[in-house]
Amino acid sequence: MFWDGFQWVSRTNPIVRNFEQVTNTKKVQISNIPLELGLRADDIKRDFNKKLREKYKVEKDIIQNLTLIVAQNAVAVELATKDDIPKIRETFDGMKHLGQTLKVQSFEDKTINFNVSNNFANSSTPLASLANPLANSAQTAAQAAAIANATLKGMQGQDVKITLQGINLGTTSKILKIWNLIDPIDISRLGNELKEILMDMKEKFMSYNNLLDIRMVMPKKETLGAEAGSIFVEYSDEKSAEQAAEQVKGIKYDNKLLHVAFVKPELYQQQFKEASDSFFDLVLEPAAAPQPAKADDYEFEQSY
């Protein structure tokens, strides 16, 4: 309580306001998103908002925040108002996206009662329940705790990103995606070093037999799931791709831990192949801003 000059009034706690604002915001979950491809929350949000702007002819982003739910291959989406929920459902429910059929589910907001004087110790609702939009979550306790912690930070106005372990490589196929190899902003500056990197990749992946093609996504051609700097490796059979994937896991290149996932052939052919350039074309073309390359600049390293 405090005296406002005329009467005693209750002091409004800013953290309580933050919780009230979050619990009053409408959210939905969008499932069947292939997060094993290394999709980033910001990229998904940008892609989804672009589709919404085009469909409803609006300038502002309808999706305000988007959080990955890795264990469920889903995202939790926070909207500006509850009136936007039908737009999300009409746009994304049943849509074919990156080879998957999306599913939209809404969930009721939680009601929270907090004892502010005791630093939330007497909260009647665990924060972990806020982090999980569906009651039948398959997340582990550690994952739920990480999300709850991030949720609290988000409610306090902090920017948070959640990274969870245990992403599988996806359904086995003849095509691999390799990423975290090159920083996208560095690609246009690499010159001859880019050819050297591609030669290293060719040598590495040819050792597993039956290699058909290696392609790299260049700047300005990237799309969701095919980020600039990522590489697609195509084999003639699944066994060779499996062997390569197993060997690449845990490998570092230029001090960067490589990530790998299988890509469905139809998705690769329809969306990713045209967004990438073949190793053979890239190596034969004149390099931009050529610079002398050192033979030992880059090397593979096993990470333990």
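From a predicted model like this one, the values you see are computed outputs, not experimental measurements.

A. How the structure looks around the packing of aromatic side chains. Here the structure, examined in full by the defined rule, presents three aromatic pairs. With a centroid separation of 5.2 Å and an interplanar angle of 25 degrees, the aromatic rings of Phe232 and Phe272 are classed as stacked. Linking Phe232 in strand β11 (residues 231-235) with Phe272 in helix α8 (residues 265-272), this pair joins segments that are 40 residues apart in sequence. Note on Phe232: relative accessible area 0%, which makes it buried. Ring pairing ties together the aromatic residues Phe232, Tyr268 and Phe272, which thus form one cluster. Geometry around Tyr56 places Lys87 over its ring, the cationic atom sitting 5.6 Å from the centre. In this structure, Lys177 is placed above the aromatic ring of Trp179, and the distance from its NZ or CZ to the ring centre is 4.9 Å.

B. Fine view of the layout of surface pockets. In this model, the second largest pocket occupies a volume close to 350 Å³. Forming the boundary of the second largest pocket are 13 residues, of which Arg46, Asp47, Glu222, Thr223 and Leu224 lie nearest the centre. Class assignment for the residues of the lining of the second largest pocket results in three nonpolar, one polar and nine charged.

C. Representation of the nonpolar core. Core analysis: the biggest nonpolar cluster contains 36 residues, and Ile30, Ile44, Phe48 and Ile88 have the highest contact counts within it. Within the residue set of this core, elements represented by two or more residues are β3 (27-31), α2 (41-56), β4 (63-69), β5 (74-79), α3 (85-92), β9 (175-179), β14 (259-263) and α8. Broken down by element, the residue count for this core peaks at four residues, all from α2. Dropping the residues within four chain positions of it, Phe48 is found in contact with Ile30, Ile33, Ile63, Leu66, Val75, Phe92, His97 and Leu102.

D. Focus on the sheet that holds strand β15 (residues 277-278). Pairing is antiparallel across the open sheet formed by five strands, whose spatial order is β14-β9-β11-β10-β15. The strands lining the two open edges of the sheet, one partner per strand, are β14 and β15. Inspection of the sheet shows β9 paired to β11 by four bridges, in the antiparallel sense. Paired with Ile175 across the two strands is Glu234, which belongs to β11. Where helix α7 (residues 238-248) meets the sheet, it contacts β9, β11 and β14, and its direction lies at approximately 160 degrees from that of β14.

E. Geometry of the packing of α2 against α3. Running from N to C, α2 and α3 cross one another at 100 degrees; their axes reach a closest spacing of 11 Å. In terms of axis orientation, α2 runs roughly perpendicular to α3. Between α2 and α3, the contacting residues are Phe48, Lys51, Leu52, Lys55 and Tyr56 on the first element and Pro86, Lys87, Ile88, Glu90, Thr91 and Phe92 on the second. Here the contact of α2 with α3 is composed, by residue class, of six nonpolar, one polar and four charged.

Cut-offs applied
Residues numbered from 1 in each chain as written. Predicted model: local features only at pLDDT ≥ 70, side-chain atom pairs only at ≥ 80, totals over all residues. Heavy atoms only, no water. Phe/Tyr/Trp six-rings, centres within 6.5 Å; stacked < 30°, edge-to-face > 60°. Helix = DSSP H or I, 4+ residues; strand = E, 2+ residues; numbered from the N terminus. Buried < 20%, exposed > 50% of the residue type's maximum accessible area, 1.4 Å probe, protein only. Lys NZ or Arg CZ within 6 Å of the ring centre and 35° of its normal. 1 Å grid on protein atoms, 1.4 Å probe; cavity = no way out; pocket = protein on both sides within 12 Å on 5 of 7 lines; lining within 4 Å. Points joined across faces, edges and corners; volume = space filled by probe spheres on them. Nonpolar A, V, L, I, M, F, W, Y, C, P; charged D, E, K, R; others polar. Core = buried A, V, L, I, M, F, W, Y, C linked by side-chain atoms within 4.5 Å. Contact = heavy atoms within 4.5 Å. Pairing = 2+ DSSP bridges. Axes fitted to C-alpha atoms, helices over the stretch in contact; angles between N-to-C directions. Parallel < 35°, antiparallel > 145°, perpendicular 65-115°, else oblique.

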